[in-house]
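# Fold and contact review
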Amino acid sequence: MRYFRIKIRPFFEGRIVSDANGEFVADADLYFTKIRYGEIVENTPIFDYFHLQSFDKKEFWEWKLQDVYRGGWEYPGNRNWYISDRFKLLLERYIIASQYHFYETRLLYKYKKLKYWIFQFPVTPYKNIDFSKSEFILEQENKVYNFSSEEEYTSCYRKTYKEVKKKMKCVKIYLKDICDITKSTNNDIIVSERLKIAMEKINIEGFEFSELDYEIIVEK
């Protein structure tokens, strides 16, 4: 299965794309702090409401409605996406990496409240990676590294970055099971070709795709 890197576009046609700001959500600190640190919070109320904001002039904050936004200002960060209802419905038809959650919200856009979701993902990004088969290298080196577990990989990553200021880069990643959207050890969010095609077919707006410079192999 072929995979692509996916990123939220920060600019479109030369203008800044706004971020989602939840400053008016009731009890935001109570819930957002937990989500921000990776906790899945069940049975939350509808987060009412978010609005769009950027460092551009206020008159341009709502210049473009799209299917995904980054979070800014008051937001449960940790790279969680702010997505439209139609994008959520599409994602649910595909295989999402283990441990994720959708939180229902309202987005106030041009005096109307729209249904949007916080997509908390990925919570345990490396659970589906077979580290014993995957291959890694250090920046500016050619030696291939293998690891017996996620813990061994993480320990080596931190040690080498601290001691020699070099990051561990993946060369080949083995996924234990098929997954249409997940995260690689290069800190990329990646999507399968079939999900990419489905997104493009219904014009999901706000993303850009690029080729990977490493290999993804699905074992099953």
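The preceding data block contains the structure.
Scope of this entry: the structure provided in the associated data block. Owing to the predicted nature of the structure, the values given are computational and were not obtained by experimental measurement.

Bringing the sheet that holds strand β13 (residues 189-192) into the picture now. Pairing in this open sheet of four strands is antiparallel, and the strands run β12-β13-β1-β14 from one edge to the other. The open sheet has two edge strands with one neighbour each: β12 (181-183) and β14 (207-210). The sheet shows a mean angle of 40° between the axes of neighbouring strands, direction not considered. Relative to β13, strand β1 (residues 3-8) runs antiparallel, the two being bridged by three bridges.

All right, on to the packing of aromatic side chains then. Tallied over the entire structure, the rule returns 30 aromatic pairs. Residues Phe-32 and Phe-47 carry aromatic rings whose centres are separated by 5.4 Å and whose planes lie at 90° to one another, so their mutual orientation is edge-to-face. Remark: Phe-47 occurs in strand β5 (residues 47-53) and Phe-32 occurs in helix α1 (residues 28-36); sequence separation between them is 15 residues. By relative accessible area, which is 0% here, Phe-32 ends up buried. Arranged with centres 6.3 Å apart and planes meeting at 75°, the rings of Tyr-100 and Phe-119 form a pair that is edge-to-face. Residue Tyr-100 is found in the loop between α2 (85-91) and β8 (101-109), and its partner Phe-119 is found in strand β9 (residues 112-120); the two are separated by 19 residues along the sequence. Relative accessible area serves as the criterion here: at 0%, Phe-119 is assigned to the buried category. Geometry around Phe-12 places Lys-64 over its ring, the cationic atom sitting 4.4 Å from the centre. Above the face of the Trp-117 ring, Lys-88 is positioned so that its terminal group lies 4.3 Å from the ring centre.

Ordered in space as β10-β11-β15, the three strands form an open sheet in which the pairing is mixed. Of all strands in the sheet, those with a lone pairing partner are β10 (135-138) and β15 (215-218), marking the two edges. Each strand axis lies, on average, 15° off the axis of its neighbour in the sheet, ignoring direction. As paired strands, strand β11 (residues 168-175) and β15 are joined by four bridges and run parallel to one another. Bridge pairing in β15 places Leu-175 opposite Val-218.

Under the counting rule described, the total for this entry stands at 14 salt bridges. For Asp-188, the salt bridge is made with Arg-5, and the minimal N-O distance between the two is 3.3 Å. Remark: Arg-5 occurs in strand β1 and Asp-188 occurs in the loop between β12 and β13; sequence separation between them is 183 residues. Residue classification places Asp-188 among the buried positions, given a relative accessible area of 11%.

Considering the arrangement of structural elements, one finds Ile-137 in strand β10. Expressed as a C-alpha distance, the spacing of Ile-137 and Lys-166, which sit 29 residues apart in the sequence, is 9.9 Å. Residues contacting Ile-137, with those up to four places away along its chain left out, are Asn-142, Lys-143, Val-144, Tyr-145, Lys-167, Met-168, Lys-169 and Val-171.

Positionally, Asp-130 belongs in the loop between β9 and β10. The charged side chain of Asp-130 is buried without a salt bridge, its nearest counter-charge being Lys-133 at 4.4 Å. Only 2.6 Å separates the side chain of Asp-130 from the side chain of Ser-132, close enough to count as a polar contact. Apart from the residues lying within four places of it in its own chain, the contact partners of Asp-130 are Tyr-174, Lys-176 and Glu-219.

Thresholds applied
- Along each chain, numbering runs from 1 in the same order as the chain's sequence is written.
- Confidence filtering applies because this is a predicted model: local features only for residues at pLDDT of at least 70, side-chain atom pairs given and counted only at 80 or more, and all residues used for totals across whole chains, interfaces and linings.
- For the side-chain quantities, the full set of heavy atoms in the structure was used; hydrogens and water were omitted.
- The criterion for strand pairing is that DSSP finds at least two bridges linking the strands in question.
- Each helix is a run of H or I in the DSSP string that is no shorter than four residues. Each strand is a run of E no shorter than two, and both are numbered from the N terminus.
- Interaxial angles span 0 to 180 degrees and are taken between N-to-C directions of axes, which are lines fitted to C-alpha atoms, for helices over the stretch in contact.
- Centres within 6.5 Å are what make two rings of Phe, Tyr or Trp a pair, Trp counting through its six-membered ring; a difference in plane orientation under 30 degrees is then read as stacked, over 60 as edge-to-face, and the rest as tilted.
- To sort residues, take the accessible area from a 1.4 Å probe on protein chains only and compare it with the maximum for the residue type: under 20% means buried, over 50% means exposed, and anything in between is partly exposed.
- Definition used: whenever NZ (Lys) or CZ (Arg) falls within 6 Å of the ring centre and also within 35 degrees of the ring normal, the charge is taken to sit over that ring.
- By definition here, a salt bridge exists when the distance from a side-chain nitrogen of Lys or Arg to a carboxyl oxygen of Asp or Glu is within 4 Å.
- By the convention used here, residues are in contact when the closest approach between their heavy atoms is within 4.5 Å.
- When charges are counted, Lys and Arg contribute as positive and Asp and Glu as negative, whereas His and the chain ends are disregarded.
- Contacts described as polar in this section are N or O atom pairs within 3.5 Å, which, within protein, must combine one atom able to donate a hydrogen with one able to accept it, while residues neighboring in sequence count only if both atoms come from side chains.

Everything listed is a geometric property; what it means functionally is a separate question.
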